[in-house]
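Residue strings, one per chain:
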Amino acid sequence: MFVKKVGENLIRFYNKVNQGFEVKIMLKKLGMGTWHLGEGSERQQQQQLATLRYGLEHGVSLIDTAEMYNEGAVETLVGKAIQPYDRSRLTLISKFYPWHAAKKDLRQSLTATLKRLQTDYLDLYLLHWRQKNNLTEMVANLEELKKQGLIRQWGVSNFDVSDLKELLQVPAGNKCFVNEDLYNLGSRGVETDLLAFQKQHQIDFIAYSPFGSENSQYLKIKPQLRQLAGQKKITIHQLLLAWVLQQDVYCIPKASSIKHLQENLAAATVTFSDAELQQLDKLYPRPTNKAPLDMI
Ligand SMILES: NC(=O)c1ccc[n+]([C@@H]2O[C@H](COP(=O)([O-])OP(=O)(O)OC[C@H]3O[C@@H](n4cnc5c(N)ncnc54)[C@H](OP(=O)(O)O)[C@@H]3O)[C@@H](O)[C@H]2O)c1
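Residues numbered from 1 in each chain as written. Predicted model: local features only at pLDDT ≥ 70, side-chain atom pairs only at ≥ 80, totals over all residues. Heavy atoms only, no water.

1. Focus: the nonpolar core
Tyr125, Leu167 and Leu239 are the most contacted members of the largest nonpolar core, which has 77 residues in total. Sequence-distant contacts of tyrosine 125, that is, excluding residues within four places in its chain, are made with Ser94, Lys95, Phe96, Leu106, Ser109, Leu110, Leu142, Leu145, Ile151, Gln153, Trp154 and Gly155. Formed by 11 residues, the second largest nonpolar core is a distinct cluster that contains Val178, Tyr208, Tyr250 and Ile252. (Core = buried A, V, L, I, M, F, W, Y, C linked by side-chain atoms within 4.5 Å. Buried < 20%, exposed > 50% of the residue type's maximum accessible area, 1.4 Å probe, protein only. Contact = heavy atoms within 4.5 Å.)

Now the structure itself:
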């Protein structure tokens, strides 16, 4: 594949099948999640806004949001946060409810999302999770939005290999740009086959909930993890995030304070020795058998 960088966030690649150049967005590996932002007192929301801006000013240009998050209030907060910045340098992802995938509903959802985000296009628009969606129709609708310049690319979320195989069967299904799934040290099912499948089909992987979500409710923090973090002079959260980033996938931790975000930025520079990685593999082994995809 011929790859040529044409700007900070874009690469042009030669598509052998279509015999032509296509533009892909080159996501940076660390983004900002936003679930549960847009909640709390006015002061807390000001702090969340300042945190998002701190990230934007310190090289994090990828923001993940959804129409579901606080029923649009999070998109409104993100819209406020991004206003002072050069839109062309940002990568904005939003997600639509599965029951909005039909043509008219999808257009309406996107229009409302763009209004709340105060922008005229999304970089990526994802199906939030799968219900009984007619994938052929949904892909046609997304491709239409792409043609109209309202979205740059589209993708899916909470898809496993079998879902992606189905998607790749439908016309233009191979234009799927990303799949966003749960992935952290305590939830490694995607390593059995999904990561390799996505690599093979050039579908980028975005890992959500690297800390096991709010209060690490979906990840059991073992005492040995605390010990290892202590030896490395980092926090447990930094260790968890650094481990996901080490897997060479995109990752979108959510932080609502500048302190947490600063720690997360610092985690992007943490590395592990082979011995440490082996120790982590022993503590949190990768599953050997295929199991249903974990999701929140
Ligand atoms: N596609 C999907 O279906 C899906 C599902 C779930 C999540 N997501 C996306 O992925 C993002 C991340 O997942 P998530 O929000 O579930 O959980 P997460 O990022 O795993 O965890 C967020 C929690 O970690 C805390 N935290 C962040 N940085 C920290 C630090 N340095 N030290 C200590 N605590 C820290 C946050 O606290 P504070 O808020 O106090 O900073 C918050 O309580 C979401 O926000 C959303 O954008 C997508």
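That covers the picture; the talk isn't over yet.
2. Digging into the pairing of strand 7 (residues 122–127)
Counting buried positions along strand 7 yields six of six residues, so the element is predominantly enclosed. Taken together, the four bridges between strand 6 (residues 91–96) and strand 7 define a ladder with parallel strand orientation. Residue lysine 95 lies in a different strand from strand 7, and its bridge partner there is leucine 126. A crossover connection joins strand 6 to the parallel strand 7 through helix 3 (residues 103–117); in handedness this β-α-β unit is right-handed. Here strand 7 pairs with strand 8 (residues 151–157) via five bridges, running parallel. Within the sheet, the bridge partner assigned to leucine 127 lies in strand 8 and is valine 156. Between strand 7 and its parallel partner strand 8, the chain crosses via helix 4 (residues 135–147), and the hand of that crossover is right-handed. (Helix = DSSP H or I, 4+ residues; strand = E, 2+ residues; numbered from the N terminus. Pairing = 2+ DSSP bridges. Right-handed = clockwise from strand over helix to strand, strands pointing away.)

3. Let's talk about the layout of surface pockets
Taken as a whole, the largest pocket spans an internal volume of roughly 720 Å³. Lining the largest pocket are 34 residues, and of these Ser209, Phe211, Ser213, Glu214 and Lys254 sit closest to its centre. The leading source of residues in the lining of the largest pocket is helix 9 (residues 258–267), at three residues. Partitioning the lining of the largest pocket into residue classes produces 12 nonpolar, 16 polar and six charged. (1 Å grid on protein atoms, 1.4 Å probe; cavity = no way out; pocket = protein on both sides within 12 Å on 5 of 7 lines; lining within 4 Å. Points joined across faces, edges and corners; volume = space filled by probe spheres on them. Nonpolar A, V, L, I, M, F, W, Y, C, P; charged D, E, K, R; others polar.)

4. A closer look at the site of the ligand
Taken together, 28 residues surround the ligand, and among them Asp64, Ser213, Lys254, Ser256 and His260 come closest. Taken by itself the ligand offers 910 Å² of open surface, and the protein chains cover 92% of this. Counting atoms within 2 Å of the grid points, the majority share of the ligand lands in the largest pocket. In terms of residue count, the dominant contributor to the shell around the ligand is helix 9 (three residues). Considered class by class, the residues forming the shell around the ligand number eight nonpolar, 14 polar and six charged. (Near = heavy atom within 4 Å. Areas by Shrake-Rupley, 256 points an atom, 1.4 Å probe, with all protein chains shown as cover. Sits in = over half its atoms within 2 Å of the grid points.)

5. So, the packing of helix 1 (residues 42–57) against helix 2 (residues 73–82)
Viewed as axis vectors pointing N to C, helix 1 and helix 2 meet at an angle of 50°, and their least axial separation amounts to 9 Å. With respect to helix 2, the axis of helix 1 lies oblique. Judged by the twist between their axes, the crossing of helix 1 over helix 2 is right-handed. From helix 1, Gln45, Gln48, Leu49, Leu52, Arg53 and Leu56 reach across to helix 2, where they touch Leu77, Val78, Lys80, Ala81 and Ile82. Tallied by class, residues from the contact of helix 1 with helix 2 come to seven nonpolar, two polar and two charged. (Axes fitted to C-alpha atoms, helices over the stretch in contact; angles between N-to-C directions. Parallel < 35°, antiparallel > 145°, perpendicular 65-115°, else oblique. Left-handed = near helix turned anticlockwise from the far one by under 90°.)

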